[in-house]
Amino acid sequence: MSDTQDSNAEARQKLVDLAAEFYDQFERGDIPEMTLPTRTKSNIVFDEDKKVWVYGDRTSTRSANSVRGARKLLKAAYTIEFLARQLEEDRSSTLRELYYLSESWDNEEAQFNGQDESNKLVEDLEIVSDVKREDFHMRPEESGATLIGPLELREQTRRGERVIHCQKDVGEGGYQIPNNPDTIEFIDHDIDFVLCVETGGMRDRLVENGFDTDYNCLVVHLKGQPARATRRITKRLHDELGLPVMVFTDGDPWSYRIFGSVSYGSIKSAHLSEYLATPEAQFVGIRPEDIVEYDLPTDPLGDSDVNALESELEDPRFQDEFWTEQIELQLDIGKKAEQQALAARGLDFVTDTYLPERLDEMGVI
Amino acid sequence: MTSFQSTLGEDEGMAAELAENQRAISIAEFFEKNKQMLGFNSGARALVTAVKEAVDNALDATEEAGHLPDIYVEIEEAGDYYKLVVEDNGPGITKEQIPKIFGKLLYGSRFHAREQSRGQQGIGISAAVLYSQLTSGKPAKVTSRTQGSETAQYFELVIDTDTNEPEIRDESETSWDRPHGTRIELEMEGNMRARQQLHDYVKHTAVVNPHARLELKEPQEHFKFERATDELPEETEEIKPHPHGVELGNVLKMLSATNSQTVSGFLQTEFTRVGKKTAEKVIDAFRDRHFGREMAWTPPASHEDGDVARAVSTAVSNKGADATTAFADAVADRVQELDRVAHQHVGRFVDEEAERVEEEYGKTFGGTVRENAVEAAWRAITGFDPDEPDQSASEHLIADAYALADEATSKRKDDETVRAFAERLAEKFVPDPADADAWRGRFTRDEVREFVDRSADMTEEREDATFGDTARENVTTAFWRVMRTVPDDAPLVSDLVGDRDAVSRLVHGMRETDIIAPPTSCLSPISAEKVEAGLRKEYDAEFYASSSRDADVHAGDPFIAEAGIAYGGDIEAEGQADLLRFANRVPLVYKRGGCAITQTIKGIGWRNYNLDQPGGSGIPNGPVVIMVHVASTNVPFTSESKDAVASVEAIEDEIELAVREAARELKSYLKKQQSMRKRQKKQNVLADILPVMSKKVADVTGRPDPDIGDALARIMNNVLVEREVSEGDGEQTVTVVVENHSDRSESPDVTDIVDREPRDVSDGANVVEMDGEWFVKWTPDVPAGEEARLTYTVETDATLDLSVSEIEGPKLTVSD
């Protein structure tokens with residue numbers, strides 16, 4: 001419990017420091033401002049030491065010099081006050097609650113115009129204060145994703161500690177990853193590798209076919225673009241248990257980005273790459289070459305798909321031989337395929353043939 | 001208007017009957033029946049028009065005499081009538097002139113003058129007199145005192161409408177308190193329904209005559225318009241007429257009056273902008289119309305039949321073989337040198353070569369010999385043989401005519417048609433020995449056109465071809481171009497006087513010739529500064545702009561367009577802009593819609609100048625006054641009542657340019673206002689946000705509220721003026737800090753007003769004492785991003801009052 005208090009106090013202090021910076025700017029007669037790294041594709045660089053993509057040197061400044069900037073800073077001041085109090089009281093709230101809560105603030109200029117604005121502001125505060133959102137006790141709205149497999153862990157809950165075996169103690173739905181996976185302690189496991197699966201349908205197929213038990217595999221459901229908690233626990237599984245992490249998605253540009261955010265970190269949260277990204281994660285498929293090799297049922301690439309692929313060719317995170325080749329091949333064949341397209345070859349094809357062959361090829365099994 | 005003409009062939013008895021009823025009507029009688037033409041068509045309007053005519057005259061008279069106008073107008077109710085009194089401080093009018101000026105229509109000094117003035121026709125004031133006598137039956141009462149005379153003259157006048165002559169009802173010598181000037185008193189039917197127009201007229205007169213003092217006393221109210229300047233408008237010079245602006249009748253009159261004998265001399269002395277060269281050009285144009293031109297043919301090639309040398313030599317006898325050959329060859333050579341040769345050339349060559357040969361060979365080439373030589377040479381050139389009766393045109397003439405016609409007509413005409421046409425046309429030019437002009441190939445342009453028409457008609461009939469108007473005109477032009485202006489002397493002035501047709505040709509010649517624009521010394525524009533001064537005087541606005549164009553010309557009369565705009569302040573913001581129209585410094589009050597000025601303003605896209613203009617055309621909306629002044633020796637009005645400027649393209653163009661010039665200034669002002677408003681808005685928002693933010697951060701950090709003044713000033717790019725005071729031994733050192741947070745250098749006027757005498761004043765401040773208060777004033781130059789510290793010392797119990805000017809409000813933060 002004292003740990004929590006310490007971390008609360010530390011997070012709170014950082015927020016107060018931030019407010020103090022604004023205060024000093026006022027006192028010096030300077031125009032209050034807040035400098036942030038520019039959060040665009042062109043401003044992420046590969047950190048050779050940590051093997052993740054982080055923000056580069058370019059910054060943008062929110063300054064009270066303009067009406068827009070002043071409003072942003074006013075909102076920041078209100079949010080800082082709110083977060084500081086929340087930490088003081090050891091409570092938590094969701095991002096959406098913050099948005100609605102702003103409606104009650106006494107100054108209309110401080111109220112958020114939409115949830116995007118409040119979400120973004122929390123991220124800004126994360127960056128400038130160097131405190132993670134989870135440590136501000138801010139949660140996302142949706143419940144976390146699930147995992148299933150031979151893993152035993154201990155979770156700190158509001159009702160005390162719970163020890164859970166993620167195969168034996170859970171139903172078919174699996175174990176729900178909490179919002180702050182750092183409250184979890186891994187106790188024991190029998191896992192050979194972690195398999196992150198994009199779609200619910202494929203995850204259910206693997207579980208039904210007993211893939212997790214047959215191959216000592218921990219199946220993590222990504223649920224589309226993975227939440228921070230999902231990425232964080234994946235990273236911990238890799239770092240703390242030394243497990244290989246494999247990513248299995250659809251064969252289209254959007255799914256490559258899902259892999260990208262697991263492996264390299266997302267552009268939006270590049271400040272947390274070190275904490276969230278698993279650079280050693282490997283891409284299983286569906287690969288454009290699979291579409292050709294297995295003659296999978298496909299959909300044609302739409303204009304937005306082509307644009308996304310072309311944009312990925314320029315994305316520093318995809319600048320390697322494997323991805324360049326695959327993306328160019330896909331642009332060439334002009335097709336995309338879903339994970340479940342493998343069912344065209346039978347419901348067991350994925351667990352009996354595709355995955356074993358591919359994983360063997362990649363040296364995992 | 002009634003037609004007094006009876007046409008030919010009408011029954012003579014009828015004509016005689018009509019003649020009995022026909023008689024000359026007097027001008028006075030005519031205007032009595034056509035009051036509307038002069039602006040006296042309603043009681044309301046009559047009063048305004050009468051005031052306008054009297055005041056216009058008064059202004060003209062005072063200015064001409066070099067006095068600053070001081071004009072008094074009074075309107076009084078007198079039973080069923082209104083009594084109008086207008087007084088001026090002009091030079092006064094002599095006893096002899098008074099009856100004519102006020103009692104005779106169309107009597108005036110200005111009608112013939114080419115000089116800008118308010119009145120032009122000499123109708124206005126006498127028409128007012130006429131109107132007053134017709135409606136009230138009372139005579140006009142005129143008092144006038146000339147400068148330096150002891151007494152004033154008093155007249156009571158009416159106009160005899162049959163004869164248009166003044167009728168004096170009473171006449172006496174009287175005394176008057178004005179040292180010089182004129183006073184007229186009229187009683188007339190009328191009403192004050194047009195008060196607004198009357199006020200507009202007087203107010204607008206004050207706007208364009210900032211040098212005049214005007215007073216208007218009405219039954220209900222009394223207005224005074226004081227002078228804004230003691231400077232009289234520049235005196236105008238009368239100019240001679242410009243050749244482009246005169247009518248036939250004028251020229252006839254001028255010809256009978258001139259002392260010049262030659263037309264060239266007449267043109268040079270009686271017109272402006274005509275020198276020797278221009279006169280010669282006008283006379284050439286006159287010659288072409290008067291005498292026609294001579295057809296010029298290409299000289300015959302030596303192998304052709306028309307051998308000029310042989311023809312000339314055959315025509316000369318008894319001069320010896322050598323002289324004859326030398327003469328004939330020389331003439332032939334001269335002819336061959338030309339591209340085209342006309343009869344006049346042949347005559348000249350024969351004369352010149354005859355003289356040369358006479359000298360060389362000692363033989364006399366008399367008149368008959370020369371005539372014979374000319375005739376023979378001309379025959380050879382035209383290929384005409386007088387021995388063959390009804391001779392057709394020679395091949396040479398046809399070839400020439402064909403070349404000209406072919407080039408002038410469209411390529412689609414087939415060759416046969418053009419050739420047939422050329423044959424017929426060449427026929428018309430065959431020299432006719434019976435007609436001196438036709439022999440020499442001398443024709444007017446109209447005659448050439450007639451030849452072309454006849455030949456074309458025949459060609460259409462015989463060849464079944466079409467020969468349209470354009471083709472005919474082109475051929476005519478092609479011929480006219482190669483024809484030569486004749487060298488004949490223009491008639492003398494004395495010959496022209498009786499020859500109306502010839503003078504008409506001269507007038508046409510004047511119009512056709514390019515002549516530079518008339519000088520503008522005859523104009524008296526108000527000038528851009530005074531336009532603005534006038535607006536400033538009568539309108540309390542926040543912004544003024546004005547423009548004055550260079551002179552331009554329409555129909556021989558120079559004119560200048562000027563414009564002014566006043567915006568904001570006390571000007572009515574609701575509804576349309578006020579439009580003030582002026583012609584020769586006279587406000588135009590009526591017929592707004594029919595005026596070229598109004599039309600021009602409506603045609604401008606005012607949205608481009610940041611004004612509201614519903615539908616994108618028409619008079620703009622908003623707190624705007626737009627004034628336009630047109631000055632000219634002859635402003636074209638739509639009618640005699642001079643209410644509206646007629647639509648003349650050259651004038652409309654200049655009005656538009658003048659208005660746009662002023663409007664551009666307005667636009668940049670409005671834009672600046674807009675950015676100031678934005679700045680003000682930003683300031684307001686930030687002034688709301690930043691204190692709240694500073695309070696929040698103070699709360700979170702648990703510190704007292706921070707001072708945000710400096711940060712605010714910096715954010716606003718403002719100039720922050722703060723006073724710091726450090727007290728010591730019974731006195732205080734006052735420091736005024738001027739921090740310039742803007743991105744450019746600023747020089748504000750900083751004034752601290754103290755009620756004790758300040759000492760040790762820094763930075764060369766200007767200290768002025770007034771009623772026990774000292775005004776300490778600095779004007780520091782503070783570069784962008786820097787500050788100035790201005791100090792002085794004063795006793796501790798002094799009260800201080802800081803003010804800053806010469807800097808826009810939204811850019812300034814003063815903390816006292």
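Keep in mind that what you see is a predicted model, and the values were worked out from it rather than measured.

(A) Broad picture of the overall build of chain B. The secondary structure content of chain B amounts to 24 helices and 25 strands. In chain B, of all internal contacts separated by at least 6 residues, the share reaching a separation of at least 24 is 71%.

(B) Region of the structure containing the overall build of chain A. The helix and strand tally for chain A stands at 13 helices and 17 strands. Residue burial in chain A is summarised as follows: out of 365 residues, 55% are buried. Considering only intrachain contacts with a sequence separation of at least 6, the fraction spanning at least 24 residues in chain A is 72%. Roughly 16300 Å² of accessible area belongs to chain A as shown, and the carbon and sulfur atoms make up 42% of that amount.

(C) Spatial organisation of the interface of chain B and chain A. With 25 residues of chain B at the interface, the matching set in chain A holds 26 residues. Between chain B and chain A, a total of about 2300 Å² is buried, with carbon and sulfur atoms accounting for 71% of that surface. On inspection of chain B and its partner chain A, the count reaches two salt bridges. Here B:Arg703 and A:Asp24 are joined by a salt bridge, their closest N and O atoms 2.8 Å apart. There are four residue pairs in polar contact (both at pLDDT 80 or more) connecting chain B and chain A. At the level of secondary structure, the elements contributing two or more residues to the side of chain B that touches chain A comprise helix H23 (649-701) and helix H24 (709-715) of chain B. Looking at the side of chain B that touches chain A, the element that brings in the most residues is H23(B), giving 15 residues. Its residues assigned to classes, the side of chain B that touches chain A shows 14 nonpolar, two polar and nine charged.

(D) Spatial organisation of the confidence of the model for chain B. Residues and elements named next belong to chain B. Mean pLDDT over chain B works out to 85, with 92% of the residues at or above the 70 mark. For residues 1-10, every residue scores under 50 in pLDDT, and the model assigns this stretch three contacts once sequence neighbours within four places are set aside. Overall fold confidence (pTM) sits at 0.56, and the ipTM for the predicted complex is 0.77.

(E) Structural view of the packing of helix H7 (residues 248-257) of chain B against helix H20 (residues 500-512) of chain B. Residues and elements named next belong to chain B. Direction vectors running N to C along H7 and H20 enclose 110°, while the axes themselves pass 10 Å from each other. Between H7 and H20, the angle is such that the two are roughly perpendicular. Of the two possible hands of crossing, H7 and H20 adopt the one that is right-handed. The residues of H20 that touch H7, namely those facing Leu248, Val251, Leu252 and Leu255, are Arg500, Val503, Ser504, Val507 and Met510.

(F) Spatial organisation of the packing of aromatic side chains. Residues and elements named next belong to chain A. Considering all chains together, one arrives at 30 aromatic pairs over all chains under this definition. Ring centres of Phe259 and Tyr264 lie 5.8 Å apart, and the angle between their planes is 80°; this geometry places the pair in the edge-to-face category. Accessibility classification places Phe259 together with Tyr264 in one group, the buried group. Among the aromatic residues, those joined into a cluster by ring pairs are Tyr256, Phe259, Tyr264, Phe283, Phe318, Phe322 and Trp323.

(G) Region of interest: the sheet that holds strand E1 (residues 70-78) of chain B. Residues and elements named next belong to chain B. Read from one edge of the open sheet, eight strands run E5-E4-E3-E6-E2-E1-E7-E8, paired in mixed fashion. Edge positions in the sheet fall to strand E5 (165-174) and strand E8 (222-225), since each of these pairs with one other strand and no more. On average, adjacent strands in this sheet sit at an angle of 15° to one another, irrespective of strand direction. Sheet topology note: the strand E7 (residues 213-217)/E8 ladder contains four bridges and is antiparallel. Residue pairing in the sheet places Leu214 in a bridge with Phe225 of E8. Against the sheet, helix H6 (residues 195-208) makes contact with E1, E7 and E8, and its axis sits at roughly 165° relative to E7, the strand it touches most.

(H) Focus on unusual backbone geometry. In the segment running from A:Gly285 into A:Ile286, the intervening peptide bond is cis, with an omega of 0°. For B:Arg273, which is not glycine, the phi torsion reads 65° and is therefore positive. In this structure B:Arg273 comes out as partly exposed when scored by relative accessible area, which is 36%. Notably, B:Asp464 is not glycine yet its phi reads approximately 55°, a positive angle.

(I) Local environment of the sheet that holds strand E10 (residues 442-443) of chain B. All names here are of chain B. In spatial order, the strands read E10-E9-E11; together these three strands make up an open sheet with antiparallel pairing. For this open sheet the edge positions go to E10 and strand E11 (484-485), each flanked by a neighbour on one side alone. By the bridge criterion, two bridges tie strand E9 (residues 293-294) to E11 in an arrangement that is antiparallel. Residue pairing across strands places Glu294 opposite Arg484, the latter belonging to E11.

(J) Representation of the packing of helix H9 (residues 276-290) of chain B against H20(B). Residues and elements named next belong to chain B. Their axes nearest at 8 Å, the elements H9 and H20 cross at an angle of 135°. When the axis of H9 is compared with that of H20, the two are oblique. Classified by chirality, the crossing of H20 by H9 is right-handed. Each of Val282, Ala285, Phe286, Arg289 and His290 in H9 lies in contact with H20, whose residues at this interface are Ala502, Arg505, Leu506, His508, Gly509, Met510 and Glu512. Grouping the constituent residues of the contact of H9 with H20 by class yields six nonpolar, three polar and three charged.

Criteria and cut-off values
- Every residue gets a number counted from 1 within its own chain, in the order that chain's sequence is written.
- Throughout, the order in which chains and ligands are written sets their labels, letters from A for the former and numbers from 1 for the latter.
- Local features are withheld for residues below a pLDDT of 70 in this predicted model, meaning they are given only at 70 or higher, and side-chain atom pairs are given and counted only at 80 or more; totals for whole chains, interfaces and linings count all residues.
- The side-chain figures draw on all heavy atoms in the structure; neither hydrogens nor water molecules are used.
- Helix and strand assignments follow DSSP, with helices taken as H or I runs no shorter than four residues and strands as E runs no shorter than two, numbered in order from the N terminus.
- By the convention used here, residues are in contact when the closest approach between their heavy atoms is within 4.5 Å.
- Throughout this description, buried means an accessible area under 20% of the type-specific maximum (1.4 Å probe, protein chains only), exposed means over 50%, and partly exposed covers the range between.
- Shrake-Rupley sampling with a 1.4 Å probe provides the accessible areas, and residues are treated as covered by the protein chains on show and by no other component.
- By definition, the buried area sums, over both parts, the 1.4 Å-probe accessible area that each loses when the two are put together.
- Every case where a carboxyl oxygen of Asp or Glu lies within 4 Å of a side-chain nitrogen of Lys or Arg is listed as a salt bridge.
- Here a polar contact is recorded for every N or O atom pair within 3.5 Å, except that within protein the pair must consist of a potential hydrogen donor and a potential acceptor, and residues adjacent in sequence are included only if both atoms are side-chain atoms.
- Residues are sorted three ways: Asp, Glu, Lys and Arg are charged, Ala, Val, Leu, Ile, Met, Phe, Trp, Tyr, Cys and Pro are nonpolar, and all the rest, Gly among them, are polar.
- Summary of the metric used: pLDDT quantifies the predictor's per-residue confidence within the range 0 to 100.
- Note on geometry: axes are lines fitted to C-alpha atoms, helical ones only across the stretch in contact, with angles between N-to-C directions running from 0 to 180 degrees.
- Oblique is the label for every angle not falling under 35 degrees (roughly parallel), over 145 degrees (roughly antiparallel), or within 65 to 115 degrees (roughly perpendicular).
- Note on convention: near helix rotated counterclockwise from far helix by under a right angle means a left-handed crossing. Clockwise means right-handed.
- Geometry of aromatic contacts follows a simple scheme: Phe, Tyr and Trp rings, the Trp one being its six-membered ring, pair when their centres are within 6.5 Å, and the pair is stacked under 30 degrees between planes, edge-to-face over 60, tilted otherwise.
- Strands are treated as partners if at least two bridges between them are detected by DSSP.

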